[in-house]
Amino acid sequence: MTAPNRTFLFAPGDHARRAEKVLTAGADACILDLEDAVAISAKVAARALVNAALERPRTCRGFVRVNAFDTEFCPGDIQAVIGPRLDGLVLPKLEDPAQLIAVDWLISALERQLGLPHRGIEVMPIIETARGMAGLGALTTCAASLGGRVKRFSFGAGDYTLDLGITWDLAETVLEGAREKMVLHSRAAGLEAPIDTVWIELREMEAFAASCARGVSLGFQGKLCIHPDQVPVANAAYSPPEAEVARARRIIAAFAEAEAQGLASIQVEGRFVDYPIVDRAQRIVALAERIGLTPRA
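Residues numbered from 1 in each chain as written. Predicted model: local features only at pLDDT ≥ 70, side-chain atom pairs only at ≥ 80, totals over all residues. Heavy atoms only, no water.

Quick word on the overall build of the protein
Consideration 1: Tallying secondary structure elements over the protein gives 12 helices and 10 strands in all.
Consideration 2: Since a compact globule built from 297 residues should have a radius of gyration of about 19 Å, the 20 Å found for the protein is in line with a globular shape.
Consideration 3: On the principal axes, the C-alpha backbone points of the protein span a range of 65 × 45 × 40 Å.
Consideration 4: Going through the 297 residues of the protein one by one, you find that 46% of them count as buried.
Consideration 5: Accessible area of the protein: about 13,900 Å², with a carbon and sulfur share of 55%. (Helix = DSSP H or I, 4+ residues; strand = E, 2+ residues; numbered from the N terminus. Rg over C-alpha atoms; globule rule 2.2 N^0.38 Å. Buried < 20%, exposed > 50% of the residue type's maximum accessible area, 1.4 Å probe, protein only. Areas by Shrake-Rupley, 256 points an atom, 1.4 Å probe, with all protein chains shown as cover.)

Looking at a nonpolar patch on the surface
Consideration 1: Together, L164, I166 and V174 line one region of the surface with nonpolar side chains, adding up to about 200 Å² of accessible area.
Consideration 2: Relative to the helices and strands, L164 resides in helix α7 (residues 157-164). (Patch = residues over 30% accessible without salt bridge, like charges linked within 9 Å, V, L, I, M, F, W, Y side chains within 5 Å. Salt bridge = Lys/Arg side-chain N within 4 Å of Asp/Glu carboxyl O.)

Quick notes on the environment of V50
Consideration 1: Tracing the sequence through the fold places V50 in helix α2 (residues 43-54).
Consideration 2: Residue classification places V50 among the buried residues on the basis of a relative accessible area of 0%.
Consideration 3: Each C-alpha atom, one on V50 and one on V174, is 35 Å from the other, the two residues being 124 residues apart in sequence.
Consideration 4: Residues within four places of V50 in sequence aside, it is in contact with G13, L32, L34, V64 and V81. (Contact = heavy atoms within 4.5 Å.)

Examining the packing of aromatic side chains
Consideration 1: Summed over all chains, the structure comprises 4 aromatic pairs.
Consideration 2: An angle of 70 degrees between the planes, with centres 5.5 Å apart, marks the rings of F155 and Y160 as edge-to-face.
Consideration 3: Relative accessible area serves as the criterion here: at 0%, F155 is assigned to the buried category.
Consideration 4: Ring plane angle 75 degrees and centroid distance 5.1 Å describe the contact between F255 and Y275, whose orientation is recorded as edge-to-face. Taken together, the residues span a long stretch of sequence, with F255 in helix α11 (residues 242-260) and Y275 in helix α12 (residues 275-291) at a distance of 20 residues. (Phe/Tyr/Trp six-rings, centres within 6.5 Å; stacked < 30°, edge-to-face > 60°.)

Some points on unusual backbone geometry
Consideration 1: Positive phi is not limited to glycine here, since R119 has a value of about 55 degrees.
Consideration 2: Assignment of secondary structure puts R119 in the loop between α4 (97-114) and β5 (122-127).
Consideration 3: The phi torsion at E172 lies on the positive side, around 60 degrees, for a residue other than glycine.
Consideration 4: Take E172: its relative accessible area is 2%, and that puts it in the buried class.

Describing the pattern of salt bridges
Consideration 1: The tally for this structure, following the rule as stated, stands at 23 salt bridges.
Consideration 2: With its nearest N and O atoms 3.5 Å apart, the salt bridge here joins R131 to D96. Of this pair, R131 sits in helix α5 (residues 130-134) while D96 sits in the loop between β4 (88-91) and α4, and the two are 35 residues apart along the sequence.
Consideration 3: By relative accessible area, which is 49% here, R131 ends up partly exposed.
Consideration 4: Residue classification places D96 among the partly exposed residues on the basis of a relative accessible area of 26%.
Consideration 5: The partner of D196 in a salt bridge is K223, with the nearest N and O atoms 3.5 Å apart. Highlighted residues: D196 in strand β7 (residues 195-196) and K223 in strand β8 (residues 222-225), separated in sequence by 27 residues. This pair shows no difference in class: D196 is buried, exactly as K223 is.

Take a look at the structure:
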């Protein structure tokens with residue numbers, strides 16, 4: 001069964017203690033960072049520390065964020081970290097389909113060299129520039145053609161708002177259009193729902209919860225996190241409530257009974273139910289099962 005993608009927790013790749021901590025912090029995946037969290041002078045040395053961290057016991061999938069494609073560090077990062085303990089790479093500041101094709105080619109060559117499954121290591125790009133957002137349709141279309149290498153995209157509001165010169169406030173209204181575009185183009189290309197941006201105001205936990213709720217309502221499936229305290233909040237937000245799961249199960253059961261009698265539109269607890277409503281209910285139950293939620297007896 002496919003694992004859930006509610007939370008991706010970052011840690012600096014050159015900070016051994018923090019890197020070790022994220023491995024068991026309760027996130028669905030950890031991201032050991034070689035990019036923004038690592039000083040330029042420490043980037044090359046951090047690769048060995050990241051590989052060492054990936055060898056440690058963990059309760060989540062292990063990703064590494066490499067440096068952007070147009071930097072001198074990106075090829076070396078990829079060559080250094082590809083291995084059997086790596087689940088995926090996070091590729092920041094994606095702007096051109098050719099970048100994605102080149103990264104896929106390099107990873108494929110390394111997978112063959114190391115005897116790893118073809119395209120078994122996924123790539124999760126981050127859209128975080130004006131150019132990347134403007135070309136999102138072409139980027140997601142290209143990603144969908146790479147045989148499962150890219151399953152989903154993610155959004156990075158920090159660099160995005162910097163690039164556009166706009167103010168990223170607690171309400172996040174300036175992000176609305178970008179978030180909607182991320183969800184729309186991901187769906188149109190046949191990819192999974194995207195992962196929403198990090199939240200940098202660490203003391204503003206109420207606003208963080210509101211940001212998570214907004215991401216859920218817009219169609220994201222999870223959140224990038226930068227502190228362990230954010231993980232339980234985001235996990236809860238991106239998990240269907242128990243009452244919603246129970247209702248979804250009742251809808252599925254009632255509709256199956258009605259369909260067997262030749263009916264395709266019914267009422268369940270005052271809600272009109274037809275095929276789209278049942279499909280949504282099935283998705284809710286499937287997500288609950290992926291997370292490990294089970295109905296109470």
